[in-house]
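Topology and contacts: notes
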Amino acid sequence: MYKIIKKKILNPTVTLMDVEAPLVARKAEPGQFIILRVDAEGERIPLTVADFDREKGTVTIIFQIVGATTEKLNHLNEGDSILDFVGPLGVASHTEGLKKVAVVGGGVGCAIAYPIAKKLHSQGAEVHSIVGFRNKDLLILEDEFKKASSRYFVMTDDGSYGEKGLVTDALKKLLDAGERYDEVITIGPLIMMKFVSKLTKEYGVKTVVSMNPVMVDGTGMCGGCRLTVGGEVKFACVDGPDFDGHEVDYDEAMARAAMYKDFERHAYEETCNLFKQEVN
Amino acid sequence: MPNMSKTRNEMPTQAPDVRNKNFQEVALGYSEEQAIDEAQRCLNCKHKPCVNGCPVQINIPAFIQEIGKQNYEGAYQVISLSSSLPAVCGRVCPQEVQCEKYCVRGIKGESVGIGRLERFAADWHNAHPVEKIERPQLNGHKVAVVGSGPAGLTCAGDLAKKGYEVTIYEALHLAGGVLVYGIPEFRLPKAIVQKEIDTLQDLGVTVNTNVVIGRSISIEELMKENGYEAVFIGSGAGLPRFMNVPGENLNGVYSANEFLTRINLMKSYQEHSTTPIMPFKKVAVVGGGNVAMDAARCAKRLGAEDVYIVYRRSEEELPARREEVEHAKEEGIIFKLLNNPTEVLPNEKRFVGGMKCIQMELGEPDASGRRKPVEKPGSEFVLDVDCVIVAIGTSPNPLIKATTDGLATEKWGGIIVNPETGQTSIEGVYAGGDAVTGAATVILAMGAGKTAAKGIDEYIQSKKN
């Protein structure tokens, strides 16, 4: 059992938890992920490591409530325990030797982008962070990003905070203004990563994306997380989750991500109804 | 006087059209009367050819004699001297190519039902628990076992009996390896696997789930920081192979590993499980081994109307246990033999819309000695399916190799060991099972676990002197 030490609501649909998992905390690096199972009937879901404290033995996860499992997870509180929590899995993000980087995060993807920005910053790299949200209420990790970046830009779809527009608008402006990056690291919805990669390809800037497909075991056994990168089949769990953004087949990844959509919607509704009954 | 009946006692089973709708065990096991009657078919012959057919050399005539004498616990004890998982092996061993293949009774009739008798003895033992096993005196040496499949469980059990303090590390949330994520409930009830694991824990073995060796802890750290004098790697052949044909990443194409894990480990067929599995109607399983049969029979039980086994060779070459092939046929699985997939076709939603195949014919024997299948030109056709399960084998998981300096492996990934001791290229590190051989059987993995346990014991004892 893995105890929840801290729980913080970041916005109405995104929650942060510090979980006691010393073995994971000891080894975790930005870009890696964990797999958890809330209870005995639960599904195994992958979540990227958002932060870790090696001394306290805790790992921070940040998740958006999108389905039955994250809904159940969100009903746990400080002092409660998660049944299974395994990791760190996957290959850590490559940050060595990078001097100037644009970190582009979208929505809850910012939770994954943040530890990378933080690590780059601590290594002395110049970090420009561009984060995008639908509106001001959904904004997360603003202070954290500011601390880890020399320049910080917020984009919102409705203009309720920062600038109105997409992260690609901000990135294009910077590139057009002559900013030259060793690498662009982008994490967020597939469609966003697709368009960031399309833009940076035009400018010839190396781009790394973090993929988060459906997984079962997370150790290379099931192959459910496979995707096509540069015409080759890769497993996100052992070959990734980071890949060359210019080589990923996003359309295939988007189709695969939608495989269980109907099932998930149904399971989510059922879980919500269950919790509603408990309240009444 | 031995029972000279040419045919063996039939195994009672659930009726095919009943069992293909549930996940309960197919074979129900011999009654006492049947077991005694079958035991009396054994001639107790002097040269015991059956024993040499057994990868762990169980004294088969001796345990069968005990069943004949109605000393069922005695029979179990005889098996236990050589095998750690009798209830498992009685169910999943390919007896027809091992012990039963060499049975003298098989020359002029059917061989003795050795596997069925093994299962009977093991089930009798499990149903009549003896007092708790006494824990052996600890000898002060610690050994780590990586993976809790048949190789790891056997190695751990043998070492614990000798007084070693053994810890098993398992990457998944549940111990048992392929016995829980791979082999379905209807062929190997999970309660039986759990019982074997409970027995190990009674012996003092610690099982740590949710630890991925190579990620959470490295082999080197196990030995240098955690105080293990030896490590056994039984991490299995985890990595699924795909066909490399167009359309293989469409929604609805699964590796057999994923399909079976969703069902067996995650229990997606049970109503309260939150792990999804799609309600497919027409399923093609590609491959002809036990895993392919398991996947096909699971698909049928999940409600698929048409389930096909698509295999490029003929019935004779099917690598699956004979009994599984028979059971699959009885349950309504359709065998499309001498056919090979060439493409998975999409529907408008990027799900599987069909599978293009080509007919094959058998040509000259290839390196494996089997006749090589060759394509019949112009014989392409489309099989109407909405799900494809790829069951064409697995390779060893590369994680441990990639994170362990100096661990020598074959080009295809198998860990290289000394077959006499199980030792790898690193002192104190041993390996066995599918991680060494590539996908093989439970009993061979068990045998490798035993060999390594002996090797580890000799290594640690020699170090002391």
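Residues numbered from 1 in each chain as written. Chains lettered and ligands numbered in written order. Predicted model: local features only at pLDDT ≥ 70, side-chain atom pairs only at ≥ 80, totals over all residues. Heavy atoms only, no water.

Quick look at the overall build of chain A now. Secondary structure assignment for chain A yields nine helices and 16 strands. Taken over C-alpha atoms, the radius of gyration comes to 18 Å for chain A, in line with the 19 Å a tight globule of 280 residues would show. In chain A, the share of contacts with a sequence separation of at least 24, taken over all contacts with a separation of at least 6, comes to 65%. Total accessible area on chain A is roughly 11900 Å²; 50% of this is exposed by carbon and sulfur atoms. Each charge sign in chain A was given a centre, from 34 positive and 42 negative side chains, and these centres are 3 Å apart. (Helix = DSSP H or I, 4+ residues; strand = E, 2+ residues; numbered from the N terminus. Rg over C-alpha atoms; globule rule 2.2 N^0.38 Å. Contact = heavy atoms within 4.5 Å. Areas by Shrake-Rupley, 256 points an atom, 1.4 Å probe, with all protein chains shown as cover. Lys, Arg positive; Asp, Glu negative; His and termini not counted. Charge placed at Lys NZ, Arg CZ, Asp CG, Glu CD.)

A few words on unusual backbone geometry. Of note, the bond from Gly 87 of chain A into Pro 88 of chain A is cis; its omega dihedral lies within 30 degrees of zero at -5 degrees. Mapped onto the secondary structure, Pro 88 of chain A falls in strand S7 (residues 84-89). Here Gly 240 of chain A and Pro 241 of chain A are connected by a cis peptide whose omega angle stands at 10 degrees. By the element assignment, Pro 241 of chain A lies in the loop between helix H7 (236-239) and strand S16 (242-244). For Gln 57 of chain B, which is not glycine, the phi torsion reads 55 degrees and is therefore positive. Inspection of the secondary structure assignment puts Gln 57 of chain B in the loop between helix H3 (49-52) and helix H4 (60-68). Positive phi outside glycine occurs at Leu 338 of chain B, with the angle close to 55 degrees. With respect to the helices and strands, Leu 338 of chain B occurs in the loop between strand S9 (334-337) and strand S10 (339-346). Judged by its relative accessible area of 26%, Leu 338 of chain B is partly exposed. (Buried < 20%, exposed > 50% of the residue type's maximum accessible area, 1.4 Å probe, protein only.)

Attention now goes to the interface of chain B and chain A. At the interface, 41 residues of chain B touch 43 residues of chain A. Summing the contributions of chain B and of chain A, the shared interface buries around 3600 Å²; its carbon and sulfur component is 54%. Among the residues chain B hides against chain A, the three largest losses belong to Arg 215, Asn 249 and Thr 274 of chain B. Together they make up 21% of the total. In this assembly, chain B and chain A are joined by three salt bridges. With a closest N to O distance of 3.6 Å, Arg 26 of chain A and Glu 221 of chain B form a salt bridge. Summed over the shared surface of chain B and chain A, the result is 18 residue pairs in polar contact (both at pLDDT 80 or more). Every element with two or more residues in the side of chain B that touches chain A is listed here: strand S5 (239-240), strand S6 (253-255) and helix H12 (256-265) of chain B. Looking at the side of chain B that touches chain A, the element that brings in the most residues is H12 of chain B, giving four residues. Considering only residue class, the side of chain B that touches chain A consists of 17 nonpolar, 17 polar and seven charged. (Buried area = accessible area lost by both parts, 1.4 Å probe. Salt bridge = Lys/Arg side-chain N within 4 Å of Asp/Glu carboxyl O. Polar contact = N/O pair within 3.5 Å; in protein donor to acceptor, adjacent residues only side chain to side chain. Nonpolar A, V, L, I, M, F, W, Y, C, P; charged D, E, K, R; others polar.)

This brings us to the sheet that holds S7 of chain A. Residue and element names in this part refer to chain A. With antiparallel pairing, seven strands are arranged side by side in an open sheet as S6-S1-S2-S5-S4-S3-S7. The open sheet is flanked by strand S6 (81-82) and S7, the only strands paired with a single partner. By the bridge criterion, four bridges tie strand S3 (residues 33-37) to S7 in an arrangement that is antiparallel. When the sheet's bridge partners are listed, Ile 35 is paired in S7 with Val 86. On top of the sheet, helix H3 (residues 110-122) reaches strand S4 (45-53) and strand S5 (58-64); it is set at about 35 degrees to S4, its chief contact. (Pairing = 2+ DSSP bridges. Axes fitted to C-alpha atoms, helices over the stretch in contact; angles between N-to-C directions.)

Residues and elements named next belong to chain A. According to the domain assignment, chain A contains domain 1 (2-89) and domain 2 (93-203). Here domain 1 and domain 2 have C-alpha centroids that lie 24 Å from each other. Each side of the interface is counted separately: domain 1 has 15 residues, and domain 2 has 14 residues. Here domain 1 meets domain 2 over a buried area of about 1200 Å², counting both sides, of which 63% is carbon and sulfur. The three residues of domain 1 that bury the most area against domain 2 are Asn 11, Pro 30 and Ile 62, which together make up 37% of that side's buried surface. (Domains from an automatic or database assignment.)

The next point concerns the side chain of Asn 9 of chain B. All names here are of chain B. Of note, Asn 9 is situated in the segment before helix H1 (16-19). In terms of polar contacts, Asn 9 uses its side chain to reach the side chain of Asp 37, at 3.0 Å. Leave out the neighbours within four places in its chain, and Asn 9 touches Tyr 30, Gln 34, Asp 37, Glu 38 and Arg 116.

Moving on to the packing of aromatic side chains. Counted according to the given criterion, the structure contains eleven aromatic pairs over all chains. Between Tyr 2 of chain A and Phe 85 of chain A, the aromatic rings sit 5.9 Å apart at their centres with planes inclined by 35 degrees, giving tilted as the arrangement. With Tyr 2 of chain A in strand S1 (residues 2-11) and Phe 85 of chain A in strand S7, this pair connects stretches of sequence that are 83 residues apart. Residues Tyr 2 of chain A and Phe 85 of chain A agree in their burial class; the two are buried. Connected via pairs of aromatic rings, a cluster forms that spans Tyr 114, Phe 145 and Tyr 152 of chain A. One cation-aromatic arrangement involves Lys 142 of chain B over Tyr 228 of chain B; the distance from NZ or CZ to the ring centre is 4.7 Å. When the ring centre of Phe 186 of chain B is taken as origin, the NZ or CZ atom of Arg 301 of chain B, which lies over that ring, is 3.7 Å away. (Phe/Tyr/Trp six-rings, centres within 6.5 Å; stacked < 30°, edge-to-face > 60°. Lys NZ or Arg CZ within 6 Å of the ring centre and 35° of its normal.)

We now examine the nonpolar core. Residues and elements named next belong to chain B. Counting 77 residues, the largest nonpolar core has Ile 60, Phe 63, Ile 64, Ile 67 and Ile 456 as the members making the most contacts within it. Ranked by residue count, the leading element in this core is helix H17 (residues 442-464), at nine residues. In this structure Ile 67 touches Ala 35, Ile 36, Ala 39, Tyr 72, Ala 75, Leu 117, Phe 120 and Ala 121, once residues within four positions along its chain are discounted. (Core = buried A, V, L, I, M, F, W, Y, C linked by side-chain atoms within 4.5 Å.)

On to the pairing of S9 of chain B. Regular strands place side chains that alternate from one sheet face to the opposite one. Residue and element names in this part refer to chain B. In terms of strand pairing, strand S8 (residues 306-311) meets S9 through four bridges, oriented parallel. Of the residues in S9, the one forming a bridge with Tyr 311 is Leu 337. Handedness of the crossover joining S8 and S9 through helix H14 (residues 322-330) is recorded here as right-handed. (Right-handed = clockwise from strand over helix to strand, strands pointing away.)

Sheets are built from strands that pair by backbone hydrogen bonding, the pairs being arranged parallel or antiparallel. All names here are of chain B. Pairing is parallel in the open sheet, where five strands are placed in the order S3-S2-S1-S4-S16. Looking at the sheet topology across the chains shown, the edges are occupied by strand S3 (206-208) and strand S16 (429-431). Direction aside, the axes of adjacent strands within the sheet are offset by 20 degrees on average. As judged from the five bridges shared by strand S1 (residues 142-146) and strand S2 (residues 165-169), these two strands associate in the parallel manner. What sits directly across from Lys 142, in S2, is Glu 165. The strands that H17 touches are S1, strand S4 (230-233) and S16; relative to S4, the one it contacts most, it runs at about 170 degrees.

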